[in-house]
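Spelled out from the first residue to the last, the chains are:
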Amino acid sequence: MLYSIQGTDVPDSLARRRAVRAQHLERLTALKDAGRLVLAGPLPAIDAADPGPAGFTGSLIVAEFVSIDAARAWAAADPYVAGGVFASVEVRPFLKVMP
């Protein structure tokens, strides 16, 4: 089943994001290579493709996992959690309708 994983950043998270971004992307690449990643990306703090120093307010990932517990475990092990980027993480079942 698909699950949405939404992490909400702590204030002024940009430096922390940069410090662990490579490790975060490695995990996403592994999901992609396994054919389980639907989409992933950050949520800019301002209405711009490159928010610059304004940074980001969080991230959204939609991926396939065998259960919500597996999705929660994967999310809890993310470098953005360990690196103090995310203040909170929500995992919810997701039903893709389109496209």
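In this convention, every chain numbers its residues from 1, walking through the sequence in written order. Local features in a predicted model are, by the rule used here, given only for residues with pLDDT of at least 70; side-chain atom pairs are given and counted only at 80 or more, and totals for whole chains, interfaces and linings are based on all residues. As a rule here, side-chain values come from all non-hydrogen atoms in the structure, and water together with hydrogens is ignored.

A. Structural context of the nonpolar core. By nonpolar core is meant a set of buried Ala, Val, Leu, Ile, Met, Phe, Trp, Tyr and Cys residues that side-chain atoms within 4.5 Å join together. Relative accessibility under 20% of the residue-type maximum defines a buried residue, over 50% an exposed one, and the middle range a partly exposed one, all with a 1.4 Å probe and only protein chains included. Counting residues in each nonpolar core, the largest one holds 11 residues, listed as Tyr3, Ile5, Leu28, Leu31, Ile61, Ala63, Phe65, Ala71, Trp74, Ala75 and Val91. Listing elements by their share of this core, those giving two or more residues are β1 (2-9), α1 (14-33), β3 (56-64) and α2 (68-76). Helix numbering and strand numbering both begin at the N terminus, where a helix is a DSSP run of H or I of at least 4 residues and a strand a DSSP run of E of at least 2. For this core, the leading source of residues is α2, giving three residues. Contact partners of alanine 75, with chain neighbours within four places excluded, come to Ile5, Val81, Val89 and Val91. We call two residues contacting when some pair of their heavy atoms lies within 4.5 Å.

B. Region of interest: the packing of aromatic side chains. Stacked, tilted and edge-to-face pairs are distinguished by plane angle, under 30 degrees for stacked and over 60 for edge-to-face with tilted covering the rest, among Phe, Tyr and Trp rings (Trp via its six-membered ring) whose centres lie within 6.5 Å. For the structure on display, the rule yields two aromatic pairs. For the pair phenylalanine 65 and tryptophan 74, a centre-to-centre distance of 5.8 Å together with 50 degrees between the ring planes defines the contact as tilted. Here phenylalanine 65 falls in the buried class, since its relative accessible area comes to 4%. Taking relative accessible area as the criterion, tryptophan 74 reaches 13% and is therefore assigned buried. Geometrically, the ring pair formed by tyrosine 80 and phenylalanine 86 is edge-to-face, given 5.5 Å between the ring centres and 90 degrees between the ring planes. Phenylalanine 86 carries the same exposure label as tyrosine 80, and that label is buried.

C. Just the sheet that holds strand β4 (residues 86-94), in detail. Pairing between strands is defined by DSSP: at least two bridges between the two strands are required. The four strands are arranged β2-β3-β1-β4 in an open sheet whose pairing can be described as antiparallel. Edge positions in the sheet fall to β2 (37-44) and β4, since each has one partner strand and no second. Within this sheet the neighbouring strands show an average axis-to-axis angle of 10 degrees, counted without direction. Inter-axis angles, ranging from 0 to 180 degrees, are taken between N-to-C directions of lines fitted to C-alpha atoms, where helices are fitted over the stretch in contact. Set on the sheet, α1 makes contact with β1, β2, β3 and β4; between it and β3 the angle comes to about 10 degrees.

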